[in-house]
Amino acid sequence: MTIGSSDSSGGAGIQGDIKAMASIGCYATTVIVGVTAQNTRGVTDRFTVPVPVVLAQLDAVSSDIVIDAIKIGTTWSAHHVTAVAEWLTGRSVPIVVDPVMVSAAGAALGDPDAVTAVRRLLLPLATIVTPNLEEARLLTGLPGATPRQAAEHLVGSGVSAAIVTCGGPAGGEWYADASSSHEIPRPGHRTGAEHGAGCAHSALITGLLAQGMDACAAAEVATSRAAVAVRDGLRSIGQGVHPVDTLNLLRVSSS
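Cut-off values and rules
- Residues numbered from 1 in each chain as written.
- Predicted model: local features only at pLDDT ≥ 70, side-chain atom pairs only at ≥ 80, totals over all residues.
- Heavy atoms only, no water.
- 1 Å grid on protein atoms, 1.4 Å probe; cavity = no way out; pocket = protein on both sides within 12 Å on 5 of 7 lines; lining within 4 Å.
- Points joined across faces, edges and corners; volume = space filled by probe spheres on them.
- Helix = DSSP H or I, 4+ residues; strand = E, 2+ residues; numbered from the N terminus.
- Buried < 20%, exposed > 50% of the residue type's maximum accessible area, 1.4 Å probe, protein only.
- Contact = heavy atoms within 4.5 Å.
- Nonpolar A, V, L, I, M, F, W, Y, C, P; charged D, E, K, R; others polar.
- Axes fitted to C-alpha atoms, helices over the stretch in contact; angles between N-to-C directions.
- Parallel < 35°, antiparallel > 145°, perpendicular 65-115°, else oblique.
- Left-handed = near helix turned anticlockwise from the far one by under 90°.

Student: Which parts of the structure should I look at to understand the layout of surface pockets?
Tutor: Over the atoms, a rolling probe the size of a water molecule traces out where space has been left empty. Taken as a whole, the second largest pocket holds about 210 Å³ of empty space. Lining of the second largest pocket is provided by 16 residues; of these, Met1, Cys26, Tyr27, Asp68 and Ala210 occupy positions nearest its centre. At three residues, the largest contribution of residues to the lining of the second largest pocket is made by helix 7 (residues 197-210).

See below:
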């Protein structure tokens, strides 16, 4: 299950999650928390789904379909975070929290109350949390933290595992849990096709956890696959930041 927002351009959000999960053989159910008017050049508007509608989706899906893992992406408001956290409490499935609060360009996407609610209510439920570096700094309250410091601080504050994604053309992501702290190498691809890379990364982790992989191994495999999706991104789609290609559509269309 992926809980998050619709991206009308199809590159990120719920649409990106469905494709990433499908790419590793997982069937995705969805709970829409918000709708964006969006293309590869940016978000032009956004609309919140009322909390009762979010809860109705959660109840409808879970009453009929066995859920093996859950990803939480954009949560919009403290009210939404509180409702989702209460619904999740006591459920014994892996939970991936991708706190979509700061864009890769550094723009804040959530209000301070929502950040506090994520920190207080969602992080303790997470099997793994997958912030980018700016989000990790926001969650830890350490504005100058390195990826390693942020990941280790999150684990020290009670998170089971964290992977801090760094973006950029080189380097890797930093993974930490109670027994391990290390960099996960990531090839640096600057293709102009990075739209949805973070969503794909956390969705892949969710699918791999659903298939029984542990958090560290899932983070390593997801990092590699997300990098390939950027390398092989769909550069003919859109006029802005082109979408990643988790489904290898270019290969399929040329065969």
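Student: How should I be thinking about the side chain of Gln38 in this particular structure?
Tutor: Its location among the elements puts Gln38 in strand 2 (residues 30-39). Judged by relative accessible area, which is 17%, Gln38 ranks as buried. Contact partners of Gln38, with chain neighbours within four places excluded, come to Asp7, Ser8, Ser9, Val43 and His195.

Student: Just to check I follow, could you spell out empty space enclosed by the protein for this structure?
Tutor: This structure, assessed with the given rule, holds two cavities of 30 Å³ or more. Empty space within the second largest cavity amounts to approximately 50 Å³. Lining the second largest cavity are Gly10, Gly11, Gly16, Lys19, Gly196, Ala200, Pro243, Val244 and Thr246. Partitioned by chemical class, the residues of the lining of the second largest cavity number three nonpolar, five polar and one charged.

Student: What am I meant to see in the packing of helix 3 (residues 78-88) against helix 4 (residues 112-122) here?
Tutor: Two measures define how a pair of helices packs: the angle their axes make with one another and the distance between the axes. Here helix 3 crosses helix 4 at 15°, and the two axes come no closer than 8 Å. On the basis of their axis angle, the class for helix 3 and helix 4 is roughly parallel. Relative to helix 4, helix 3 is oriented so that their crossing is right-handed. Across the interface between the two elements, Ala78, Val81, Thr82, Ala85 and Leu88 from helix 3 touch Asp113, Ala114, Ala117, Val118, Leu121 and Leu122 from helix 4. In terms of residue class, the contact of helix 3 with helix 4 is made up of nine nonpolar, one polar and one charged.

Geometry only, nothing functional implied.
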